[in-house]
Amino acid sequence: MKKKRYFNISMRWPWIIPVVLALGIRLIALNQSFWLDEAISANVVKNLSFGDIVLKFGPTDFHPPLFYWMLKLWSQIWGSGEVTMRLMSVLAGVVTVWTVYKIGEDQKKPHLGWWAAMLLAANPLLVYYSQENRMYAMVTMFLIIGWRYWLKNNVIKSVFFLVLAWWTFYGAIFFIAGLGIISLVKKQYRQAAVLSIGTGIGVAATLPLLLLQLNNSAQQVRIISSWGQILGKADLKNLLLVPIKFTIGRISFYPKWAYWLVATGAVGMTALAAIPGSIKRKEWLWLLILPIILGWMVSWRVPLLSYFRFLYVLPIYCLLIARSKLKRLVLAIFLICSLVYLFNPKYHRENWRGLASELDDRVYMIKSFSDPIKYYDPEIQVADFEQIDGQEKMIKVVPYGVEIFGNNYRVNLTQLGYSQVTDKRFGELVLEGWEKVN
């Protein structure tokens, strides 16, 4: 009996379909406005040298420098627009999809690799962060390439890419630690030793910067009580958001009971699909779970339990799902959620580009959140709320982030004799106009 094909092109290039799907879907709506964190990335690489990225920006950030260095090099070649900068993350996402296919091929299971690559190409969370001018798609690529070499018993090459991952995103340590724990359980002491020594050297090289960043971060959490929740406290909600966002991505809707009903059903179906793979590959299941457990434990001390910080385990999840008869249904769920996000501007990033186009020469806001304004129009003067002296007849205000800092700007403006006369929205952003009335 003739064996049924699982793809419709030449057996010579079976990875073409998932790679083309991954690239094509990530190019849709790529020209969205930068949001705050993306604008920070853009301004850093535009305005600072390679050395100053570490010496001047590094202490106030909480990430290692490799992503910024690579983005600076990339932008020097291709430019610093939204699309051109994001293409680096698009490329990382596509390479990750191809690598997952190759993992299946390495295991003598090209059918498994093909389906896992298709699932990963369509996964809404990876699609979203493959379009983001941040480090999450890149660290996922490095870790999955490193894991592929680990599975091939090429520990030296594996450690090389794992160290690159650490230099891209500190959260990679949970994946690396998971590999180490599994190797010790399996009594693979040589691999564990090489992993420990190699990554130890990589970690040691960043330790002075990391310690400075930890100290600054702790001060911020003490000063701003709500900052810990934003970073990701170790609570039940943040833990539950991991499987939900892994399945349906960044989309959300009202009423909330309907959202939770749909999300729970989608997560249940996806988890059910992963069970056959989990039974066959318990080691892979543990590598999926361990980074999240370790992240949850560390988050009791240093808040970081946010779903996107564990994006790098999604390829393993897709490899487990690829063994199931439900994989086609899961692929449909992933694809539908991705398309809902891509073609509905409601789910797109903050529209700072539109907001900046409405500004004249000055705007009042929390100055530390003004990177998008500086990116889109460096000529606009950004001033803190405390600088409002009541002398201007008309002022424009962006109340972005005031809840985090507990800023009561409305009360202060009213006391100064201002009354709000306009309220213009740009997605989730608001631009208010205030006029002096007495």
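These remarks concern the structure in this document.

Reading the values: rules and limits
- Residues numbered from 1 in each chain as written.
- Predicted model: local features only at pLDDT ≥ 70, side-chain atom pairs only at ≥ 80, totals over all residues.
- Heavy atoms only, no water.
- Helix = DSSP H or I, 4+ residues; strand = E, 2+ residues; numbered from the N terminus.
- Expected span 1.5 Å × (residues − 1).
- Buried < 20%, exposed > 50% of the residue type's maximum accessible area, 1.4 Å probe, protein only.
- Disulfide = S-S within 2.5 Å.
- Core = buried A, V, L, I, M, F, W, Y, C linked by side-chain atoms within 4.5 Å.
- Contact = heavy atoms within 4.5 Å.

### Digging into helix H10 (residues 172–185)
Compared with the 20 Å implied by 1.5 Å per residue over 14 residues, the 20 Å span of H10 between its first and last C-alpha is a close match. The complete set of buried residues in H10 reads Ala172, Phe174, Phe175, Ile176, Gly178, Leu179, Gly180, Ile182 and Ser183. Downstream of H10 by a residue or two, Lys187 has a phi angle that is positive, lying close to 60°.

### With respect to the state of the cysteines
Here, disulfide denotes a covalent bond that connects the sulfur atoms of two cysteines. Evaluation of the coordinates by the stated rule reveals 0 disulfides. Looking at Cys318, it has no disulfide partner, and the nearest cysteine sulfur is the one in Cys337, 13 Å off.

### Describing the nonpolar core
Judged by nonpolar contacts, the single largest core of 145 residues is most densely connected at Leu143, Trp147, Phe175, Leu355 and Ile373. The element that contributes the greatest number of residues to this core is helix H8 (residues 136–151), accounting for 12 residues. In this view, Leu355 contacts Ile373, Val398, Phe426, Leu429, Val430 and Leu431; residues no more than four positions away in its chain are not counted.

### Side note on unusual backbone geometry
Cis geometry is adopted by the peptide bond preceding Pro255, which originates at Tyr254 and carries an omega value of 0°. Structurally, the position occupied by Pro255 is in the loop between helix H13 (236–248) and helix H14 (256–280). The backbone of Lys108 sits at a positive phi, close to 65°, despite the residue not being glycine. Secondary-structure assignment places Lys108 in the loop between helix H5 (82–106) and helix H6 (110–122). Positioned with a positive phi, Asn153 is a non-glycine residue whose angle comes to about 65°. In this fold, Asn153 is placed in the loop between H8 and helix H9 (155–168).

Coordinates in, geometry out; function isn't part of it.
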